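# Remarks on the overall topology
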Amino acid sequence: GKWQKRWFIINTDIDEDENYNLEYSYAPDDSNSSKRFPLCGASVKLSSGNSFVLTIADDAKTTLTLRADDNEEMQLWVTTIENVIIVSNRREKAFYNKNNGFEGIRPDDDDDNK
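## Observations concerning the pattern of salt bridges
- Evaluation of the coordinates by the stated rule reveals two salt bridges.
- The residue Glu-16 makes a salt bridge to Lys-98 at a minimum N-O spacing of 3.8 Å. You can see Glu-16 sitting in the loop between β1 (7–10) and β2 (21–25) and its partner Lys-98 sitting in helix α1 (residues 71–99), a full 82 residues away along the chain.
- With its nearest N and O atoms 3.7 Å apart, the salt bridge here joins Arg-36 to Glu-23. Note that Arg-36 is positioned in strand β3 (residues 35–38) and Glu-23 in strand β2, a separation of 13 residues in sequence.
- For Arg-36, a relative accessible area of 52% corresponds to the exposed category.

## Looking at the sheet that holds β3
- Judged by pairing direction, the sheet is antiparallel, and its three strands sit side by side in the order β1-β2-β3 without closing on themselves. For this open sheet the edge positions go to β1 and β3, each flanked by a neighbour on one side alone. Averaged over all neighbouring strand pairs, the angle between strand axes comes to 25°, with direction disregarded.
- On the sheet, α1 packs against β1 and β2 and is oriented at approximately 35° with respect to β1.

## Topic: the sheet that holds strand β5 (residues 51–55)
- Pairing within the open sheet is antiparallel, and its three strands lie in the order β4-β5-β6. For this open sheet the edge positions go to β4 (43–46) and β6 (63–67), each flanked by a neighbour on one side alone. Looking at each pair of strands side by side, their axes are set apart by 25° on average, direction ignored.
- Pairing analysis gives four bridges linking β4 to β5, with the strands arranged antiparallel. Looking at β5, one finds that Val-44 is bridged to Leu-54.
- Strands β4 and β5 of the sheet are contacted by α1, whose axis makes an angle of about 155° with β4.

The rules behind the values
- Residues numbered from 1 in each chain as written.
- Predicted model: local features only at pLDDT ≥ 70, side-chain atom pairs only at ≥ 80, totals over all residues.
- Heavy atoms only, no water.
- Salt bridge = Lys/Arg side-chain N within 4 Å of Asp/Glu carboxyl O.
- Helix = DSSP H or I, 4+ residues; strand = E, 2+ residues; numbered from the N terminus.
- Buried < 20%, exposed > 50% of the residue type's maximum accessible area, 1.4 Å probe, protein only.
- Pairing = 2+ DSSP bridges.
- Axes fitted to C-alpha atoms, helices over the stretch in contact; angles between N-to-C directions.
- Contact = heavy atoms within 4.5 Å.

Structure (structure tokens):
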């Protein structure tokens, strides 16, 4: 199919009990996101050209194929999203530990590949 232009953001202004989402809108000046995708548990895989596939760890195993304008922009997005996924996974573990009477993240539980 034809590529559809979207504007993506990762809102970093979140409450301490929230986690990071990738959000998109249909226009750069649209302050209301059209869709949100949780980054906790997500994965990124390079595709062809300036494309990459982002798999969301939701019930539907949502897959987004995204394309950047050039390779440099794609690398920037992939690196940023991968780093936010790591932080989101750590936050999720901290939420779990806090809700189950643990403080912080135990070093042996700090496995970002889960």
